[in-house]
Amino acid sequence: MRVPVRPLEERWPRVMQERLGRFFWADPRAILRADASPEEFRRAMSAIEVGGTYKITGANRHPGADELMLANLDLADAVIVDIGASDGSTSLDLISKLGGFKQYIIADKYLRVFARENGRKTYFYDDDGNWILVVGSRVLAWPATSGFIRALFGRGARTAAHRVAPREVLLLNPAVQQRMAADPRVTARVHDVFLPWEGQAPDVIKVANLLRRLYFPDADIVRALEVLLGNLPDGGHLVIVDNPRIDGMPPRCGLYRRDGGRFVVVAESENVPEISTLVTGVDLGDRTDAQRSSDA
């Protein structure tokens, strides 16, 4: 469990930060700044917790998965959906490597938060109005992890919620937003991996660090895989990535093709994804697309 309160960088004596640097956090309010650099934005995002997970992100995290796609697929006219893409940094990595594509959709269940500034504190809320973070002049704290934090800062959070107009914050990296503004093929939308995809069927779906046993039991992962299979046309492809956090082991990845009612392996990294057997074990049999949507 994450410690519910942490000191902010550059707000305490330098000697403290030098000795206890790993306990200090970048100021999450960087995501409110129009001039935030891509790296400042990524560091700030790691403090944002929505839906029970933290928006930890980074650039160049999935080179192996990108290579699997580029080496095995013709993506020149492909519609690519990247589910659970967080701030879109890894999406932009792949986009920059593609020679061409038809459409790239950056998708995540949580693409925005709301900020309210009240005095010297900034309170962050999710789409449902739940208070998720408070940032003061020297510390930040997560109310969901501590009753003490909720009691200490709760009155201010409630006051801000009732008296201060919310500021909507798009949780997409500035570099990603710039690419979207310049390239109409690159878009973003809210999407839940457990729900059927609406609109044009994608040719490729990438799901990275989302369908993990760290987050879901196998039954839920299989349910999501069945939906993903139903979202793809026959011959469409699924890319799975997970970062195992094991010393010396790079991100594990796999490329799978829809063949009828199943996924078949096209290529996998030397260390296969932790859910590889779940992917290849999915079998929709002769169920129709309508039946699959009803099941989901």
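Remember, predicted model here, so these are calculated numbers, not experimental data.

How do you make sense of the confidence of the model for the chain when you look at a structure like this?
Caution applies to low-pLDDT regions: their predicted coordinates should not be interpreted in detail. Per-residue confidence for the chain gives a mean pLDDT of 92, with 96% of residues at or over 70. This model gives residues 288-294 a pLDDT under 50, and the stretch forms 8 contacts once residues within four places in sequence are excluded.

Whenever I open this one, helix 5 (residues 147-163) confuses me. Can you help?
Since the α-helix advances by 3.6 residues per turn, residues separated by three or four positions end up pointing in the same direction. Between its first and last C-alpha, helix 5 extends 23 Å over 17 residues, near the 24 Å set by a 1.5 Å rise per residue. Restricting attention to buried positions, one finds in helix 5 the residues Ile149, Phe153, Gly154, Gly156, Ala157 and Ala160. Residues of helix 5 that are buried make contact with strand 1 (5-7), strand 6 (112-118), strand 7 (121-125), strand 8 (131-135) and strand 9 (139-141). Sitting at the head of helix 5, serine 146 places a side-chain oxygen 3.2 Å from the backbone nitrogen of phenylalanine 148.

Hey, could you run me through helix 2 (residues 38-45) in this one?
Within helix 2, the full set of buried residues consists of Phe41, Arg42, Ala44 and Met45. The buried residues of helix 2 occupy one face: seen down the axis, they fall within an arc of 165°. Buried residues belonging to helix 2 abut helix 4 (89-97), strand 10 (167-170) and helix 6 (174-182).

Quick question: what am I supposed to make of the packing of aromatic side chains here?
By convention here, two paired aromatic rings are described through the distance between centres and the angle between planes. Within this structure, the stated rule accounts for 6 aromatic pairs. With a centroid separation of 5.2 Å and 70° between ring planes, the pair formed by tryptophan 25 and tryptophan 142 is classed as edge-to-face. A residue pair is termed long-range when its members are at least 10 positions apart, and tryptophan 25 in the loop between helix 1 (14-19) and helix 2 and tryptophan 142 in the loop between strand 9 and helix 5 qualify at 117 residues. In this structure, tryptophan 25 and tryptophan 142 share a single accessibility class: buried. By the ring-pair criterion, three or more aromatic residues cluster together here, those being Trp25, Tyr54 and Trp142.

It is not clear to me how the sheet that holds strand 9 should be interpreted in this structure. Could you clarify?
Hydrogen bonds between backbone atoms are what pair the strands of a sheet, whose relative direction is either parallel or antiparallel. Sheet architecture is open: 6 strands sit in the order 1-9-8-7-6-10, paired in antiparallel fashion. Sheet topology places strand 1 and strand 10 at the edges, where each strand pairs with a single neighbour. Neighbour-to-neighbour, the strand axes of this sheet turn through a mean angle of 25°, independent of strand direction. Its contacts with the sheet put helix 5 on strand 1, strand 6, strand 7, strand 8 and strand 9, and the angle it makes with strand 7 is roughly 85°.

What am I meant to see in the pattern of salt bridges here?
Pairing is possible between side chains of opposite charge, provided their charged atoms come close. Under the criterion given, the structure shown has 19 salt bridges. The salt bridge partner of arginine 11 is aspartate 27, with a shortest N-O separation of 2.9 Å. Taken together, the residues arginine 11 in the loop between strand 1 and helix 1 and aspartate 27 in the loop between helix 1 and helix 2 connect sequence positions 16 residues apart. Classification of arginine 11 by relative accessible area gives partly exposed; the value is 32%. When its relative accessible area of 18% is taken as the criterion, aspartate 27 is described as buried. The closest approach of N and O atoms between arginine 212 and glutamate 274, which form a salt bridge, is 2.8 Å. Residue arginine 212 is found in the loop between strand 12 (204-208) and helix 7 (218-231), and its partner glutamate 274 is found in the loop between strand 15 (262-268) and helix 8 (276-281); the two are separated by 62 residues along the sequence. Relative accessible area serves as the criterion here: at 10%, arginine 212 is assigned to the buried category. Each of Arg11, Asp27 and Arg29 takes part in one network of salt bridges that share partners.

I tried to follow the packing of helix 4 against helix 6 on my own but got confused; where do I start?
Geometrically, a packed helix pair is captured by the angle between its two axes and the distance between the axes. Here helix 4 crosses helix 6 at 50°, and the two axes come no closer than 9 Å. In terms of orientation, helix 4 lies oblique with respect to helix 6. As for the relative orientation of helix 4 and helix 6, their crossing is left-handed in sense. Contacts between helix 4 and helix 6 involve Ser89, Leu92 and Ile95 from the first element and Ala175, Val176 and Arg179 from the second. Its residues assigned to classes, the contact of helix 4 with helix 6 comprises 4 nonpolar, 1 polar and 1 charged.

Basis of the calculations
Residues numbered from 1 in each chain as written. Predicted model: local features only at pLDDT ≥ 70, side-chain atom pairs only at ≥ 80, totals over all residues. Heavy atoms only, no water. pLDDT = per-residue confidence, 0-100. Contact = heavy atoms within 4.5 Å. Helix = DSSP H or I, 4+ residues; strand = E, 2+ residues; numbered from the N terminus. Expected span 1.5 Å × (residues − 1). Buried < 20%, exposed > 50% of the residue type's maximum accessible area, 1.4 Å probe, protein only. Polar contact = N/O pair within 3.5 Å; in protein donor to acceptor, adjacent residues only side chain to side chain. Arc of directions from axis to C-beta. Phe/Tyr/Trp six-rings, centres within 6.5 Å; stacked < 30°, edge-to-face > 60°. Pairing = 2+ DSSP bridges. Axes fitted to C-alpha atoms, helices over the stretch in contact; angles between N-to-C directions. Salt bridge = Lys/Arg side-chain N within 4 Å of Asp/Glu carboxyl O. Parallel < 35°, antiparallel > 145°, perpendicular 65-115°, else oblique. Left-handed = near helix turned anticlockwise from the far one by under 90°. Nonpolar A, V, L, I, M, F, W, Y, C, P; charged D, E, K, R; others polar.

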